[in-house]
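Commentary on secondary and tertiary structure
What follows is the residue order along each chain.
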Amino acid sequence: MNEYFHYQQEQLCIENVVLSDIAHRFGTPCYVYSRAALTNGYRQFSEAFKAREHLICYAVKANSNLAILNVFARLGAGFDIVSGGELQRVLAAGGAANKVVFSGVGKSEAEMRQALEAGILCFNVESAPELERLNAVAGSMGKVAPISLRVNPDVDAKTHPYISTGLKQSKFGVAYTEALVLYRRAAAMPHLRITGMDCHIGSQLTETSPFIAAAEKVLALAEQLAASGIKLEHLDLGGGLGIRYDDETPPSIAEYAQALLNALQGRAEKIIVEPGRVLVGNAGVLLTRIEYLKHGEEKNFAIVDAAMNDLMRPALYDAWHAILPLQKRDAARQQYEVVGPICETGDFIGHAREMAVDQGDTLAVMSAGAYGMSMSSNYNTRPRAAEVMVDGAQIHVVREREKVEQLYAAEKIIC
Ligand code: LLP
């Protein structure tokens, strides 16, 4: 637990608010975020990089709620987007287009047009055909697209294979060995302007060494480019800094930044970073109520009202999230499988958790601010959860709970 969550008289609180009050008022499942945690996380980043020109581009995919984007936009953040939809959200939330970098391996023509129209800072291009397409689209609009190449440094991020992106066999980026040739090709394209170089090697990294290894490879390439007359304005070192879910000991934001700054010493380029999880992960929890305690022959189940559609990480990555009672009970602990109501054996929130709980109790699934709501779905026709932001003692609903009618509003019955 971090400083934004604490027990007071056996009740779990977020900032100055008792979480049970939120559960009573708005129902469960419900995501709750601490504005102070978001703000302080961002400030730690800008403080840590202040020694040189930098831009912190929050990775929108981690949590794209407009209120969260707006908190970061007001603090001066840029944004890392991966779709036209995310661009639209950033603009709707008050983000500045000229601080947006656009990543992703499959940008469509329509998305390129939308981003060029908005005037984004940079396209992080991930392949040769994407260069060709962007040059053509920009040409057809009479524009010049600012680009960087996302290079794949072939560095092992030492994280879960599903969220590792910097190895040779991954679909991301252009091969390190081809990057120079592609930069030269891009330089010859009339509707592209080379502004930077980009890399992102994976997510939930808990050591600095892979970041440094990637930065060194980027720098070596930047030097080769300079030798062939291509000068860069910025170096984008991606996101990926991990957080503590259980007993991980990731570097602090300050340690991570210092390691990057050391690696980039003596370079003039502006630094861009694309943090997602570290800015929002431990700023949010998912509240869920125990519908039933079911005592089976081999296992006990706490069947809760949140499911894999609300928080997909356990089912998808076998991810571990702490699960805490909102109200502590003075009773014997028992071991439970914490599972949702969805009809899949993979629908679990936590395995073998020791808890002193009763039916009707509410639990907090911790560290759920990143890749929780943003990866949620309507599987089993389950409306998506409400989202609430706490600011000191104030409580704001930042997304209403979905209604079932909304889920099928666009569907048609045919005769
Ligand atoms: N930049 C790029 C190009 C990315 O692909 C990502 C994340 C980020 C930045 C932000 O990475 P972060 O700082 O959040 O680690 N759904 C998974 C995580 C997938 C990350 C995808 N890319 C999870 O729940 O663990």
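Procedures and definitions
- Residues numbered from 1 in each chain as written.
- Predicted model: local features only at pLDDT ≥ 70, side-chain atom pairs only at ≥ 80, totals over all residues.
- Heavy atoms only, no water.
- Helix = DSSP H or I, 4+ residues; strand = E, 2+ residues; numbered from the N terminus.
- Expected span 1.5 Å × (residues − 1).
- Buried < 20%, exposed > 50% of the residue type's maximum accessible area, 1.4 Å probe, protein only.
- Near = heavy atom within 4 Å.
- Polar contact = N/O pair within 3.5 Å; in protein donor to acceptor, adjacent residues only side chain to side chain.
- Areas by Shrake-Rupley, 256 points an atom, 1.4 Å probe, with all protein chains shown as cover.
- Nonpolar A, V, L, I, M, F, W, Y, C, P; charged D, E, K, R; others polar.
- Domains from an automatic or database assignment.
- Contact = heavy atoms within 4.5 Å.
- Buried area = accessible area lost by both parts, 1.4 Å probe.
- Salt bridge = Lys/Arg side-chain N within 4 Å of Asp/Glu carboxyl O.
- Pairing = 2+ DSSP bridges.
- Phe/Tyr/Trp six-rings, centres within 6.5 Å; stacked < 30°, edge-to-face > 60°.
- Lys NZ or Arg CZ within 6 Å of the ring centre and 35° of its normal.
- Axes fitted to C-alpha atoms, helices over the stretch in contact; angles between N-to-C directions.
- Parallel < 35°, antiparallel > 145°, perpendicular 65-115°, else oblique.
- Left-handed = near helix turned anticlockwise from the far one by under 90°.

Describing helix H8 (residues 209-227)
Residues separated by three or four positions in an α-helix point in the same direction, a consequence of the helix having 3.6 residues per turn. Given a rise of 1.5 Å per residue, 19 residues ought to cover 27 Å, and the 27 Å separating the end C-alpha atoms of H8 matches this to within 8%. For H8, the set of buried residues is Pro210, Phe211, Ile212, Ala214, Ala215, Val218, Leu219, Leu221, Ala222 and Leu225. Positive backbone phi, at 85 degrees, marks Gly229, one or two positions downstream of H8.

Some points on the site of the ligand
Near the ligand, the surroundings consist of 19 residues, among which Ser203, Glu274, Arg313, Tyr317 and Tyr371 are the closest. Within the side chain of Ser203, an N or O atom sits 2.4 Å from an oxygen atom of the ligand. Calculation on the ligand without its partners gives an accessible area of 590 Å², and the protein chains cover 92% of this total. Classifying every residue of the shell around the ligand by side-chain character gives 6 nonpolar, 7 polar and 6 charged. Both of domain 1 (5-33 + 281-407) and domain 2 (104-273) provide at least three residues apiece to the shell around the ligand.

Regarding the domain arrangement of the protein chain
Interface extent is often summarised as the accessible area lost during association of the parts. Along its sequence, the protein chain is carved into domain 1 (5-33 + 281-407) and domain 2 (104-273). Look at where the C-alpha atoms of domain 1 and domain 2 centre, and you get two points 36 Å apart. On the side of domain 2, 8 residues touch domain 1, which itself brings 10 residues to the contact. For domain 1, the biggest contributors to the area lost against domain 2 are Asn282, Tyr317 and Trp320; these three give 56% of the whole. Remark: the boundary between domain 1 and domain 2 carries 0 salt bridges. Inspection of the domain 1/domain 2 interface yields 1 residue pair in polar contact (both at pLDDT 80 or more).

Details of helix H6 (residues 128-140)
With 13 residues, H6 extends 19 Å between its outermost C-alpha atoms, agreeing within 8% with the 18 Å of an ideal straight helix rising 1.5 Å per residue. Residues of H6 that are buried: Glu130, Leu131, Leu134, Asn135, Val137 and Ala138. Close packing links the buried residues of H6 with helix H5 (109-118), strand S8 (122-125), strand S9 (145-152), helix H7 (179-187) and strand S11 (192-198). In the stretch just after H6, Gly142 is the one whose phi turns positive, near 70 degrees.

Let's talk about the sheet that holds strand S2 (residues 11-14)
Taken in spatial order, the 3 strands of this open sheet run S1-S2-S3, and their pairing is antiparallel. Looking at which strands have only one partner, the edges of the open sheet turn out to be strand S1 (5-8) and strand S3 (17-18). Sheet topology places S1 next to S2; 4 bridges connect them, and they run antiparallel. Residue Tyr7 lies in a different strand from S2, and its bridge partner there is Leu12.

Considering the packing of aromatic side chains
Taken as a whole and judged by the stated rule, the model has 9 aromatic pairs. The positively charged end of Lys107 is found above the aromatic ring belonging to Phe102, 5.5 Å away from the centroid. The aromatic ring of Tyr7 is capped on one face by Lys328, whose charged end is 4.2 Å from the ring centroid.

Regarding the packing of H8 against helix H9 (residues 253-263)
Here H8 crosses H9 at 25 degrees, and the two axes come no closer than 10 Å. With respect to H9, the element H8 is oriented roughly parallel. Of the two elements, H8 crosses H9, and the hand of that crossing is right-handed. Contacts between H8 and H9 involve Phe211, Ile212, Ala215 and Leu219 on the former and, on the latter, Tyr256, Ala259, Leu260 and Ala263.

Overview of unusual backbone geometry
A cis amide bond links Thr28 to the next residue, Pro29, at an omega of -10 degrees. Tracing the backbone shows Pro29 in the loop between helix H1 (19-26) and strand S4 (30-34). For Glu15, which is not glycine, the phi torsion reads 45 degrees and is therefore positive. Looking at the secondary structure, you find Glu15 in the loop between S2 and S3. The class for Glu15 is buried, based on a relative accessible area of 11%. Here the phi dihedral of Asp154 falls at roughly 55 degrees; this positive angle occurs in a residue that is not glycine. Within the element layout of this structure, Asp154 appears in the loop between S9 and strand S10 (174-175). Relative accessible area serves as the criterion here: at 31%, Asp154 is assigned to the partly exposed category.

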